[in-house]
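# Observations on the three-dimensional arrangement
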Amino acid sequence: MKKSVFLGTLAAASVAAGVAAAGTLDDVKAAGELKCGVSTGLVGFAAADANGKWGGFDVDVCRAVAAAVLGDGSKVKFVPTTGKTRFTALASGEVDMLARNTTWTFSRDVDLKFEFVGVNYYDGQGFMVPKALGVTSAKDLDGATVCIQTGTTTELNLADFFRSNNISYEPVPVETNAETQAQYLAGACDVYTTDASGLAATRATFENPDDHTVLPEIISKEPLGPLVRHGDNQWGDIVRWTLNALITAEELNITSANVAQSSAAAGNNPEVNRLLGTEGDLGAMLGLDKAWASRAIANAGNYGEIFATNIGEGSPIGIARGLNAPWTDGGLIYSPPFR
Amino acid sequence: MSAITDPVKGGFRPSMLLYDTRYRSMTIQIIALVGFLIAIGWLVSNTAQNLADLGKPLGFSFLWEPAGYDINQRLIEYNSQMTHARASLVGVLNTMLVAFLGCITATVIGVLVGVMRLSKNWLISRLMTIYIEGFRNVPVLLWILITMAIFIEVFPQPRDFRGEDAVASMSLFDSVALTNRGIYIPAPTWFAGSGAVIAVFLASIVGMVFFGKWARKRQEQTGEILPTFWIKLAIFFVPAILAYYILGKPIGLEYPELKGFNFKGGFYMRNSLIALWFALSLYTAAFIAETVRSGIQAVSKGQTEAAAALGLRQGRITSLVVLPQALRVIIPPMISQYLNLTKNSSLAIAVGYMDITGTLGGITLNQTGREMECLMILMAIYLAISLTISTVMNWYNDRVKLQER
């Protein structure tokens, strides 16, 4: 009995591990679609609308990669993953890449054997409380019941924060954002903690967003970014440089409106030319064609446009650019040069 | 392949392994065994190879690293600086707690419902049928989720208890607080002399057992029947209550009070524990009820009638004639119901109850990325718990089974 259980595990794991080394680019091309792990539903970042069409900040990153690789941003199969299932899904090859508010940490990069290709959102962990509680600082939360998504870095930050401030709390672990929201709104927990962007997105979906406030303390650094498996450097490069292309496009003022025009013929800015493939052949180095970056940008626009439509100040989520402004505007969004 | 049908004339030829019925089954078994071992060897080496390729060789040292996360329900001391192994132990205890509570309530409810389903009262037996069919035929995960959802939405939040014109108030003379975070009940506080009261209480339990044995012996010798139930009840309560008052009430009650965000003091049973316990009990009780019903119906009607003909009253017929024979049928399937309940408790994470699947198989697995190791330990733990339960129940089964003389 014991033996057969053990063997069953072995069998499952060996199937899971078997796919790790294959060429992801070839797999994606052969399948004709990109399997992209996203969150189970966080408005603004990744959520399916009433027609089942996915949209959001992370979703647009997936679509840009699909546009670069397959030539069509709609050829993406979105796989909803929870905080707990995401790494297994990626490690087992169930998804080709993960774009799911995932914090880049040392142990995830090194020990879990993933490759973070960059940062598409600089975030930090915050707290949301109902205004009726009259709490103004996270340090007033002694004895509070805190709803938290299990399997995330926020779980560890929370433990550290309360421990270092010598105050107590009662954690309520929950699997998904939707469940957390239900518990928080019913008052089964006083506080909801997750990345500040997630709080803003969740708050925006409330019936009365003004009854809730996000506390000023940001207790951690949460650089969020897409990631792929270790061991397939070509695929890692493709995802990394697709993200960089979106960022560079904002810096060079290439938008979804003018990208077609700029890609038609070489202009007088050499970096634009290299990026859009009108000069040199950066695409071939990635194993793609010349127009890869131009398609990625044409899909949903450059980084700034994606930010603005999904989570920016004009959207219902209403997040300011802040740290996520381009470096030229004093933010941290910066891409290595296309050269 | 040549067909050899001639009778064997002395000596052993290799072809006999296949065509001689004396050896054939042996040959097939050996081939099957070799094939099985090769399959195992392939699985093990392939897994080891793949894990090595991933750069994640099998190792358990992560268990001794600090866990880093907090757990709300702790039966033993634990904080985020303790090891993953300690966090797993907290989870194991939480699993065992809900399994233990669940098995007891499921048995009580199941037996009652099973008996009531056989009731001659049409309404009662139909209601019980509805309950049994409703619970048996809906997945237990849904029952757990809906219990939790109802719990959260129906009961007031602690905030509602605050203020002059509070929306909610505590029940049972302000001693119990029903909130959507759980139930707070008064907890005993121990003063000097409380040990003596407990000692008296324990002594009276021992006394009760001895009295029972003595009464049974006396009945077998003289035929006289004592009202053992009432006497036992008196032995159970009276000495302890007397000691309590004589020693000047050394045990007090600590009432829950609203302080800050939550109630403080008293026992706190979390909503997740209650929802899980309640749903698992009701679900398993539906199966137990059917087991009990089948057990009672398995005792032939002639037994009851014979006992009645001997002049036994209804209650005694049930306890002396029907139940001992029914238990023999009931207990073996009951073991598997207890095992089911224990294994179903692994759905705890759906309501945020930190059992072993939530700690070791959830957060630890996720934070360390040691899927293989965590799942192997997890399986070993469930196996150990299940085997323990079935050992205990098999021992009990041996005690109640029909003694053949």
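Just so we're clear, the structure is a prediction, and the values are computed from it rather than from any experiment.

Bringing the overall build of chain A into the picture now. Scanning chain A from terminus to terminus reveals 14 helices and 14 strands. Over its C-alpha atoms chain A spans a radius of gyration of 21 Å, differing by no more than 12% from the 20 Å that the globule rule assigns to 339 residues. Across its three principal directions, the C-alpha atoms of chain A cover 65 × 60 × 40 Å. Taken over 339 residues, chain A has a buried fraction of 51%. Summarising the internal contacts of chain A: among those between residues at least 6 apart in sequence, 73% fall at separations of at least 24.

With that settled, consider the nonpolar core. Counting 142 residues, the largest nonpolar core has Cys62(A), Val65(A), Ala68(A), Val191(A), Leu246(A), Ile144(B) and Leu276(B) as its most contacted members. Core analysis: the next-biggest nonpolar cluster, separate from the first, contains 8 residues, Ile356(B), Leu365(B), Cys374(B) and Tyr382(B) among them.

Here we take up the domain arrangement of chain A. Residues and elements named next belong to chain A. What the domain assignment lists for chain A is domain 1 (22–122 + 224–260 + 297–329) and domain 2 (125–220). Taken together, the 18 residues of domain 1 in the interface contact 16 residues of domain 2. Looking at the side of domain 1 that touches domain 2 residue by residue, the class counts come to 8 nonpolar, 9 polar and 1 charged.

Attention shifts here to the interface of chain B and chain A. Between chain B and chain A, the residue contacts involve 40 residues of the former and 40 residues of the latter. Within the residue set of the side of chain B that touches chain A, elements represented by two or more residues are α2 (21–54), α5 (140–154), α11 (356–368) and α12 (371–400) of chain B. With 9 residues, α2(B) is the largest single contributor of residues to the side of chain B that touches chain A. Tallied by class, residues from the side of chain B that touches chain A come to 16 nonpolar, 17 polar and 7 charged.

Turning our eyes to something else, we now look at the packing of helix α9 (residues 301–309) of chain B against helix α10 (residues 314–344) of chain B. Helix-helix packing is characterised by the crossing angle of the two axes and by the distance between the axes. Residue and element names in this part refer to chain B. In contact at an axis separation of 10 Å, α9 and α10 are set at 155 degrees when each is read in the N-to-C sense. One element, α9, and the other, α10, form an angle in the roughly antiparallel class. With respect to the hand of their crossing, α9 and α10 are arranged in right-handed fashion. Residue-level contacts link Gln-303, Thr-304, Ala-307 and Ala-308 of α9 to Ile-317, Val-321, Val-322 and Gln-325 of α10.

With that settled, consider unusual backbone geometry. All names here are of chain A. Not every positive phi belongs to a glycine, and Asn-101 is a case in point at roughly 35 degrees. Following the sequence through the fold, Asn-101 ends up in the loop between β5 (97–98) and α5 (106–110). Its 28 C-beta neighbours within 10 Å are what place Asn-101 among the buried residues.

On to the domain arrangement of chain B. In terms of domain boundaries, chain B breaks down into domain 1 (16–54) and domain 2 (84–172 + 273–400). Relative placement of domain 1 of chain B and domain 2 of chain B: their C-alpha centres are 42 Å apart.

For the rest of this paragraph, the subject is the pairing of strand β1 (residues 34–39) of chain A. All names here are of chain A. With 6 of its 6 residues buried, β1 lies for the most part within the structure. Note: β1 against strand β4 (residues 76–81), 6 bridges, orientation parallel. By the bridge assignment, Leu-34 is partnered in β4 with Val-76.

All names here are of chain A. Spatially, β10-β9-β11-β8-β12 is the arrangement adopted by the 5 strands of the open sheet, whose pairing is mixed. What marks the edges here is a single partner per strand, and that holds for β10 (169–174) and β12 (212–214). For this sheet, the mean angle separating the axes of adjacent strands, direction not counted, is 30 degrees. One ladder, built from 6 bridges, connects strand β9 (residues 144–149) with β10; its direction is parallel. Each bridged residue has a counterpart across the sheet, and for Thr-145 the counterpart in β10 is Glu-170. Together, β8 (125–130), β11 (191–195) and β12 form the strand contacts of helix α8 (residues 196–204), whose direction differs from that of β11 by roughly 125 degrees.

Turning our eyes to something else, we now look at the environment of Glu371(B). Within the fold, Glu371(B) resides in helix α12. What makes Glu371(B) buried here is the crowd of 21 C-beta atoms within 10 Å. Taking the C-alpha atoms as reference points, Glu371(B) and Leu280(B), separated by 91 residues in sequence, lie 27 Å from one another. Non-local contacts of Glu371(B), meaning those with residues more than four positions away in its chain, are made with Thr88(A) and Leu365(B).

So, how was this worked out
- Residues numbered from 1 in each chain as written.
- Chains lettered and ligands numbered in written order.
- Predicted model: local features only at pLDDT ≥ 70, side-chain atom pairs only at ≥ 80, totals over all residues.
- Helix = DSSP H or I, 4+ residues; strand = E, 2+ residues; numbered from the N terminus.
- Rg over C-alpha atoms; globule rule 2.2 N^0.38 Å.
- Buried ≥ 20, exposed ≤ 12 C-beta atoms within 10 Å, placed from the backbone.
- Contact = placed C-beta atoms within 7 Å.
- Core = buried A, V, L, I, M, F, W, Y, C linked by C-beta atoms within 7 Å.
- Domains from an automatic or database assignment.
- Nonpolar A, V, L, I, M, F, W, Y, C, P; charged D, E, K, R; others polar.
- Axes fitted to C-alpha atoms, helices over the stretch in contact; angles between N-to-C directions.
- Parallel < 35°, antiparallel > 145°, perpendicular 65-115°, else oblique.
- Left-handed = near helix turned anticlockwise from the far one by under 90°.
- Pairing = 2+ DSSP bridges.

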